[in-house]
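Chain and residue survey
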Amino acid sequence: MVFKKLEAILDGVRDEIACLATVACEVFHAFEGFHWVGFYRVTEPGVLMVGPYQGGHGCLRIPFERGVCGAAARSGEVQIVDDVNAVQDHIACSSSTRSEIVLPVVDDKGEVVAVFDIDSDYPANFDAVDHYWLGKVCTLLSATCYRAEANSE
């Protein structure tokens, strides 16, 4: 199980980039239907910047006002999109993407610090099970690399 593996690998790791890169790698290689797995980090108010990620080229900069990633960052809520072509302001980083899930990652103050974005070439590829387990991954990240103690170690 990917989650248990991530718990073991991230135990004691506090570096943000190491945590995000490891999660992106493990999730990308664990699921055949995911063609892009990665993070967009809040680097300034209202702005997400790409990285780390696995897959093809990602969009470099996404304002909170645009796209599915922006909606997750803006609202702090998980976004599951069965058909990205039906989303008016979807940002198409890859023309093959058909469905997407984006989950907010928060720090210990509850502030969104990143979003976890996963794209699939298959329509309606994400469901409540993905929401649950990927949400647990985001909670794990919040508890490891985004606690106040993590940044002071």
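This write-up is about the structure you can find in this document.

Rules used throughout
- Residues numbered from 1 in each chain as written.
- Predicted model: local features only at pLDDT ≥ 70, side-chain atom pairs only at ≥ 80, totals over all residues.
- Heavy atoms only, no water.
- Helix = DSSP H or I, 4+ residues; strand = E, 2+ residues; numbered from the N terminus.
- Phe/Tyr/Trp six-rings, centres within 6.5 Å; stacked < 30°, edge-to-face > 60°.
- Salt bridge = Lys/Arg side-chain N within 4 Å of Asp/Glu carboxyl O.
- Buried < 20%, exposed > 50% of the residue type's maximum accessible area, 1.4 Å probe, protein only.
- Contact = heavy atoms within 4.5 Å.
- Arc of directions from axis to C-beta.
- Patch = residues over 30% accessible without salt bridge, like charges linked within 9 Å, V, L, I, M, F, W, Y side chains within 5 Å.
- Areas by Shrake-Rupley, 256 points an atom, 1.4 Å probe, with all protein chains shown as cover.
- Expected span 1.5 Å × (residues − 1).
- Polar contact = N/O pair within 3.5 Å; in protein donor to acceptor, adjacent residues only side chain to side chain.

A few points about unusual backbone geometry
In this model, glycine 51 is joined to proline 52 through a cis peptide bond whose omega is -15°. Topologically, proline 52 is positioned in strand β2 (residues 47-55). At alanine 124, a residue that is not glycine, the phi angle is positive and equals roughly 50°. Within the secondary structure layout, alanine 124 lies in the loop between β6 (112-120) and α4 (128-144).

Some points on the packing of aromatic side chains
For the coordinates displayed, the defined rule picks out 7 aromatic pairs. An aromatic cluster of at least three residues, connected via ring pairs, comprises Phe3, Tyr132 and Trp133.

Overview of the pattern of salt bridges
According to the stated counting rule, one finds 2 salt bridges in the structure shown. Notably, a salt bridge pairs glutamate 7 with lysine 4, separated by 3.5 Å at the nearest N-O pair. A residue pair is termed a helical-turn pair when its members lie 3 or 4 positions apart in one helix, as glutamate 7 and lysine 4 do in helix α1 (residues 2-10) at 3 residues. A residue is classified by how much of its surface remains accessible, and glutamate 7, at 33% relative accessible area, is partly exposed. Across the pair glutamate 26 and lysine 5 runs a salt bridge whose closest N-O atoms are separated by 3.1 Å. With a gap of 21 residues between them, glutamate 26 in helix α2 (residues 16-30) and lysine 5 in helix α1 connect regions that are remote in the sequence.

Some points on the environment of asparagine 125
Relative to the helices and strands, asparagine 125 resides in the loop between β6 and α4. Asparagine 125 sits in the partly exposed class, given a relative accessible area of 25%. Residues asparagine 125 and valine 42, spaced 83 residues apart in sequence, show a C-alpha to C-alpha distance of 26 Å. Asparagine 125 has contacts with Gly33, Phe34, Ser99, Ser120 and Asp130, leaving out every residue within four places of it along the chain.

Examining α1
Along an α-helix, residues three or four positions apart point the same way, because every turn accommodates 3.6 residues. Those residues of α1 that sit buried are Phe3, Leu6 and Leu10. Projected down its long axis, α1 shows its buried positions confined to an angular sector of 60°, all on one face. Exposed and oriented more than 90 degrees from the buried face of α1 are Lys4 and Ala8. Those residues of α1 hidden inside the fold are in contact with α2 and α4. Backbone geometry just downstream of α1 places glycine 12 in the positive-phi region, at approximately 85°.

Details of a nonpolar patch on the surface
Among the surface-exposed residues, Met1, Val129, Tyr132 and Trp133 lie close enough to one another that they form a single nonpolar patch of about 450 Å² accessible area. On the secondary structure map, tryptophan 133 appears in helix α4. Residue tryptophan 133 is classed as partly exposed on the basis of its relative accessible area of 31%.

Section: α4
Along its 17 residues, α4 runs 24 Å from first to last C-alpha, staying within 8% of the 24 Å computed at 1.5 Å per residue. For α4, every residue scored as buried is listed here: Asp130, Leu134, Gly135, Val137, Cys138, Leu140, Leu141, Ser142 and Thr144. Structurally, the start of α4 carries an N-cap: the backbone nitrogen of valine 129 is 3.0 Å from a side-chain oxygen of aspartate 127.

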